[in-house]
Amino acid sequence: MHTSGHLTAAEAERWTTLVGRLRDEADTLVASFVSRVRAIPPYGRGVVPTERLETDADLTFEYLLRRLAGHPVPARLAGIGPSIGRDRARRGVPLNDLLTAVRLDFRVLWEALRERAAPTDEPMLVARVEDVWAVVEEYTAQIQVSYQAEAALLARDRQGERTMLVAALLSTEDPDPDEVAHVALALDVDVDDDLLVAAASPAAGRALRRAADRLGADGRTAHVQSTGRHSVLIARWDGGAGAPVRAALAGVPCGVGPVAHGLANVGRSARLAGEIVDVLPGATGPCELLDAWLPLAGGRLADTAPELVDSVLGGLSGAPARERERLLDTVRRYAASGAVGEVAAELYCHRNTVLNRLRRFTELTGRDVAVPTQAAAVLLALHCADRRP
C-alpha cells in the first residue's frame, strides 16, 4: 500500500493505530455493510444468502484494512475479490448492482474512520482519503474482471445447452413435451408462444444474425443456429405473416416458414423454410410459402413431373418451334398479370394477337389459362418443363 508522503511520523503511527482499531471492530463494519447492501434490489431479494454476505464482508474488510495498514496479505485473503466476482455471476447478480455493493466498502470504511478519529486527525484523513478510495477501486476491479470472465463462461455453457436442445427440436417431427419444455426454458419463451422461423444459406448466415440482433434489441427472444445446411432463426413473434415478416427480415435472403404456433411446431416450420431457400437460390430478401409454392410443388413432383408435362403441354409438340415459343411466352406473361392489355404492351403487339395466341394454346393443349385451376396446372407443368435436364 502506497503511503502518502505528506504524513508526519506521528500521523503515520496514528493512521496505523486507527486502522488496527477498525480491524478489532470488524463485526461492526460487517453489520453496517450488510444492512446497507440490502437496499440494492438483488440483495434485498435474498439472491445472496445473509451468511454468505457476512462471510464475504468479513474477509473483504480484513483484506482492505491490511492493505491500508501496509501489512502483508495472506494467501487465504488474496483470492477473496475474484471469489466474490465468480459467485455473484453464478447467482445472476447484475454487474452494475454488484459494483454498487462493492463500492459501499469505501463508504463504510470512511465513515468508520471519521467516527473514530480525533479532531486533530483531520489533516491525516484528508491525506489518506485518496489511498482508501484507490484500495477499494483496485479491489472492485479484481471483482469486476473475475465476474466478467465467469459470466462469459456461463454464457458459453448456456449457449451450448441451447444449441444442443434446439438441434434436437429441429431434428424431430414429433418432439417430446418434456424436451419442448426444456427448450422453452433455454430460449426464455413459453411453449405456446407464436414463433417466427427462417432459414438462410450459410453464405447469408451473417445477415440472418444481424436480423436476430435487431429483433433482440426490440426485446424479443431471438436465437440463430447452424444446422450445417442452413442457419435457422427462431424468434418470439406477434406480428403475423406478410408485411411484418418482410420488414423484420428486410435484406436477408432467406426462406420463411409458416409462423409456428407453439414451440413443438418449430421443426416443421424450419424444414419448410429450408426447402424454400433451397428452391429460390437467387432470392434477395425473405421469401414465404406463397412466393415459393410453384418450385416447391415442382420439386415434390419430381417422380411424376415428366407425366405432368406431357399431360398438360403434350399438345404443343406438333407445333413449329417458333410458334411454340411465342405461345409459351404469351402464356407465361398472361399468367403473371392476367391483363391482356399489359401483355400486349410488353410484347409490342395488338391485344387481339394476345387473345389469338391464348386461344391457339387452348386449342393445342385443351387448357384455358383464363380458368384459375387450369392456369395453375399449366404453370406447374411449365415449371417442371423448365427444370428438365
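Attention shifts here to the overall build of the chain. Each helix and strand counted, the chain has 18 helices and six strands in total. For the chain, the residues scored as buried account for 41% of the 389 residues in total. As displayed, the chain has an accessible area near 20100 Å², and 52% of this comes from carbon and sulfur atoms. One way to put it: in the chain the 45 positive side-chain charges average out to a point 6 Å from where the 52 negative ones average out.

Attention now moves to the confidence of the model for the chain. Averaged over every residue, the pLDDT of the chain is 89; residues scoring 70 or more account for 98%. Across residues 1-5 the pLDDT falls below 50, and counting only partners more than four positions away or on other chains, this stretch makes 13 contacts in the model.

Before going further, it helps to spend a moment on the nonpolar core. Among the nonpolar cores identified, the biggest contains 46 residues, and Tyr43, Leu98 and Leu109 are the most heavily contacted of them. When contributions to this core are tallied by element, the ones reaching two or more residues are helix H1 (9-24), helix H2 (26-37), helix H4 (50-69), helix H6 (80-91), helix H7 (95-116) and helix H8 (122-170). Counting residues per element, this core draws most heavily on H7, at twelve residues. Excluding anything up to four places from it in sequence, Tyr43 contacts Val37, Arg38, Val48, Leu53, Arg88, Val93, Asp97, Leu98 and Ala101.

The first and last C-alpha atoms of helix H18 (residues 372-386) sit 21 Å apart over 15 residues, in line with the 21 Å expected at 1.5 Å per residue. Buried residues of H18: Ala375, Val378, Leu380, Ala381, Leu382, His383 and Cys384, and no others.

Let's shift gears to empty space enclosed by the protein. Scanning all chains against the criterion turns up one cavity of 30 Å³ or more. Taken as a whole, the largest cavity holds about 120 Å³ of empty space. As for the largest cavity, its lining consists of 14 residues, and the residues nearest its centre are Phe33, Thr60, Ile84, Arg88 and Val102. Among the secondary structure elements, those contributing two or more residues to the lining of the largest cavity are H4, H6, H7 and H8.

A separate point is unusual backbone geometry. Here the phi dihedral of Asp188 falls at roughly 60 degrees; this positive angle occurs in a residue that is not glycine. Non-glycine residue Tyr348 carries a positive phi angle of around 55 degrees. Looking at where Tyr348 falls in the secondary structure, it is placed in the loop between helix H16 (340-347) and helix H17 (351-365).

With that out of the way, let us pick up the pattern of salt bridges. All chains considered together, the criterion is met by 23 salt bridges. The closest approach of N and O atoms between Glu111 and Arg36, which form a salt bridge, is 2.4 Å. In this pair, Glu111 sits in helix H7 while Arg36 sits in helix H2, placing the two residues 75 residues apart along the sequence. By relative accessible area, Glu111 is classed as partly exposed at 32%.

Across the interface, H4 lies against H7 with an axial gap of 12 Å and an inter-helix angle of 65 degrees. Crossing handedness for the pair H4 and H7: right-handed. Listed contacts from H7 to Thr60, Phe61, Leu64, Leu65 and Leu68 of H4 are Asp105, Val108 and Leu109. Taken together, the residues of the contact of H4 with H7 break down into six nonpolar, one polar and one charged.

This next bit is on the packing of helix H15 (residues 321-337) against H18. Each pair of packed helices gets described by two things: the angle between the helix axes and the distance between those axes. Relative orientation of the contacting elements H15 and H18 amounts to 125 degrees, with a least axis distance of 11 Å. Comparing their axes, H18 and H15 come out oblique. Pair H15 / H18 crosses with left-handed handedness. Residue-level contacts link Leu328, Val331, Arg332 and Ala335 of H15 to Val378, Leu379, Leu382 and Asp386 of H18. Among the residues making up the contact of H15 with H18, the classes are represented as six nonpolar, no polar and two charged.

Turning our eyes to something else, we now look at the pairing of strand E2 (residues 222-226). One ladder, built from five bridges, connects E2 with strand E3 (residues 231-236); its direction is antiparallel. The residue bridging Ser226 from the neighbouring strand is Ser231, located in E3. Hairpin connection between E2 and E3: a loop of four residues separates the two successive antiparallel strands, and Gly228 in this loop has a positive phi of roughly 100 degrees.

Attention now moves to the packing of aromatic side chains. The geometry of an aromatic ring pair is captured by the separation of the ring centres together with the interplanar angle, meaning the angle of the planes. Counted under the stated rule, the structure contains four aromatic pairs. Considering the side-chain rings of Phe106 and Trp110, the 6.2 Å spacing of their centres and the 5 degrees angle between planes classify their relative orientation as stacked. With a gap of four residues between them, Phe106 and Trp110 both fall in helix H7, about one helical turn apart. Chaining the aromatic ring pairs together yields one cluster made of Phe106, Trp110 and Trp133.

This part takes up the side chain of Glu288. The residue Glu288 is located in the loop between strand E6 (286-287) and helix H13 (289-300) in this model. On the basis of relative accessible area, Glu288 is assigned to the buried category, the value being 14%. Not counting chain neighbours up to four residues away, the residues in contact with Glu288 comprise Ala241, Gly242, Val245, Arg246, Val256 and Ile276.

Here the focus is the side chain of His223. For His223, the position within the fold is in strand E2. Side-chain polar atoms of His223 contact the side chain of Gln225, separated by 2.8 Å. Once residues lying within four places of it in the same chain are set aside, the contact partners of His223 are Gln159, Arg162, Val166, Leu187, Val232, Leu233 and Ile234.

Reading guide: rules and limits
- Residues numbered from 1 in each chain as written.
- Predicted model: local features only at pLDDT ≥ 70, side-chain atom pairs only at ≥ 80, totals over all residues.
- Heavy atoms only, no water.
- Helix = DSSP H or I, 4+ residues; strand = E, 2+ residues; numbered from the N terminus.
- Buried < 20%, exposed > 50% of the residue type's maximum accessible area, 1.4 Å probe, protein only.
- Areas by Shrake-Rupley, 256 points an atom, 1.4 Å probe, with all protein chains shown as cover.
- Lys, Arg positive; Asp, Glu negative; His and termini not counted.
- Charge placed at Lys NZ, Arg CZ, Asp CG, Glu CD.
- pLDDT = per-residue confidence, 0-100.
- Contact = heavy atoms within 4.5 Å.
- Core = buried A, V, L, I, M, F, W, Y, C linked by side-chain atoms within 4.5 Å.
- Expected span 1.5 Å × (residues − 1).
- 1 Å grid on protein atoms, 1.4 Å probe; cavity = no way out; pocket = protein on both sides within 12 Å on 5 of 7 lines; lining within 4 Å.
- Points joined across faces, edges and corners; volume = space filled by probe spheres on them.
- Salt bridge = Lys/Arg side-chain N within 4 Å of Asp/Glu carboxyl O.
- Axes fitted to C-alpha atoms, helices over the stretch in contact; angles between N-to-C directions.
- Left-handed = near helix turned anticlockwise from the far one by under 90°.
- Nonpolar A, V, L, I, M, F, W, Y, C, P; charged D, E, K, R; others polar.
- Parallel < 35°, antiparallel > 145°, perpendicular 65-115°, else oblique.
- Pairing = 2+ DSSP bridges.
- Phe/Tyr/Trp six-rings, centres within 6.5 Å; stacked < 30°, edge-to-face > 60°.
- Polar contact = N/O pair within 3.5 Å; in protein donor to acceptor, adjacent residues only side chain to side chain.

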